[in-house]
Number of protein chains: 2
Amino acid sequence: MKVKKADEIEAKPAQMEGAVGVSVRVLIHEPDGATNFRMRLFELDPGGNTPLHEHDWEHEVYVLDGSGLVVTEAGEHMASAGMCVFVPAGEKHQFRNTGARAWKFLCLVPVTAK
Amino acid sequence: MKVKKADEIEAKPAQMEGAVGVSVRVLIHEPDGATNFRMRLFELDPGGNTPLHEHDWEHEVYVLDGSGLVVTEAGEHMASAGMCVFVPAGEKHQFRNTGARAWKFLCLVPVTAK
């Protein structure tokens, strides 16, 4: 078993072209023994966004604090604390912090994600 | 994309022999299009616990509120809001709410979990 405090894990700028004001903490991943999926904690500054992008793996998201928009080609949805979001593989999507404070959410991906 | 409010999803008593005061909301699973892992939200009443048990799939846990003990044969660890826990496949474990209020955590498992 491994137990960690999320805020003691280093937050690093997201390595995604077009990301603005996005940091990521990798909470659980392969070095912990994870063989199927990874848990990451994203934090978007007010006005921050991920790029509008797609990839062949899904996202399972749970919003911890703040709120923002999840944008897809089919429309956009507000997601605030206590909400979860499933983005299937292959769907274009973007996260935009439209709120006044940091938007924090867990975003889990399979270990096949790059 | 699917977006849901966790508290609008029905909480059902956990279907685990020996569980006391444990309810589960299934936030994201196969009917949503999930093919690799499921997101569930557990809530343990004060004094509640899961059984000490093991299985051949892992848990990735993030504590949302409250606190309690994660017990294994190697020892026990307190886990409170903002902490994450990885329980590998095959490790005996139990969750015990030792706090005065509900202990709420996300617990993700691969879709191969029963």
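Residues numbered from 1 in each chain as written. Chains lettered and ligands numbered in written order. Predicted model: local features only at pLDDT ≥ 70, side-chain atom pairs only at ≥ 80, totals over all residues.

## Observations concerning the overall build of chain A
Within chain A one finds zero helices and ten strands. Since a compact globule built from 114 residues should have a radius of gyration of about 13 Å, the 13 Å found for chain A is in line with a globular shape. Dimensions along the principal axes, computed over C-alpha positions, put chain A at roughly 40 × 30 × 25 Å. Across the 114 residues in chain A, those meeting the buried criterion constitute 38%. (Helix = DSSP H or I, 4+ residues; strand = E, 2+ residues; numbered from the N terminus. Rg over C-alpha atoms; globule rule 2.2 N^0.38 Å. Buried ≥ 20, exposed ≤ 12 C-beta atoms within 10 Å, placed from the backbone.)

## Points about the relation of the copies chain A and chain B
Mapping chain A onto chain B leaves a residual RMSD of 0.0 Å; the transformation is a rotation of 180° accompanied by 0.0 Å of translation along its axis. Considering both components of the superposition, the chain copies are consistent with a two-fold axis. A shared interface surface links the copies, since 100% of the contact residues of chain A are contact residues in chain B too. (Least-squares fit on C-alpha atoms with pLDDT ≥ 70 in both. Contact = placed C-beta atoms within 7 Å.)

## So, the interface of chain A and chain B
Residue-level contacts link 34 residues of chain A with 34 residues of chain B. Secondary structure elements with two or more residues in the side of chain A that touches chain B: strand S1 (2-5), strand S3 (20-28), strand S4 (37-49), strand S5 (59-65), strand S6 (67-72), strand S7 (75-80), strand S8 (83-87) and strand S10 (103-110) of chain A. The pairing of S8 of chain A with strand S1 (residues 2-5) of chain B spans four bridges and is classified as antiparallel. Looking across to S1 of chain B, one finds that Val 85 of chain A is bridged to Val 3 of chain B. (Pairing = 2+ DSSP bridges.)

## A look at the nonpolar core
By size, the foremost hydrophobic cluster in this structure holds 58 residues, and its most contacted members are Leu 106 of chain A together with Leu 106 of chain B. In this structure, Leu 106 of chain B is in contact with Tyr 62 of chain A together with Met 39, Leu 41, Val 61, Tyr 62 and Leu 64 of chain B, ignoring residues within four places of it in sequence. (Core = buried A, V, L, I, M, F, W, Y, C linked by C-beta atoms within 7 Å.)

## Quick word on the pairing of strand S9 (residues 93-96) of chain A
Residue and element names in this part refer to chain A. The two faces of S9 differ: His 93 and Phe 95 on one face are buried, but Gln 94 and Arg 96 on the other face are not. Sheet topology places S6 next to S9; four bridges connect them, and they run antiparallel. Following the sheet pairing, Thr 72 is matched in S9 by His 93.

## Thoughts on the confidence of the model for chain A
Residues with a pLDDT of 70 or more make up 100% of chain A, whose mean pLDDT is 97. For this predicted complex, the interface confidence reaches an ipTM of 0.97, while the overall pTM sits at 0.97. (pLDDT = per-residue confidence, 0-100.)

## Here we look at the environment of Thr 72 of chain B
Relative to the helices and strands, Thr 72 of chain B resides in strand S6 (residues 67-72). On the basis of neighbour counts, which here come to 16 C-beta atoms within 10 Å, the residue Thr 72 of chain B falls in the partly exposed class. Through-space distance from the C-alpha of Thr 72 of chain B to that of Ala 89 of chain B is 12 Å; in sequence the pair is 17 residues apart. Not counting residues up to four positions away in its chain, the partners in contact with Thr 72 of chain B are Met 1 of chain A together with Glu 91, Lys 92 and His 93 of chain B.

## Some thoughts on the environment of Lys 114 of chain B
All names here are of chain B. Mapped onto the elements, Lys 114 comes out in the segment after strand S10 (103-110). We classify Lys 114 as exposed; it has 7 C-beta atoms within 10 Å. When the C-alpha atoms of Lys 114 and Gln 15 are compared, they prove to be 10 Å apart, with 99 residues separating the residues in sequence.

## With respect to the environment of Leu 44 of chain A
Residue and element names in this part refer to chain A. Of note, Leu 44 is situated in strand S4. Owing to 25 C-beta atoms within 10 Å, Leu 44 belongs among the buried residues under this scheme. Separated by 55 residues in sequence, Leu 44 and Gly 99 have C-alpha atoms that sit 9.9 Å apart.

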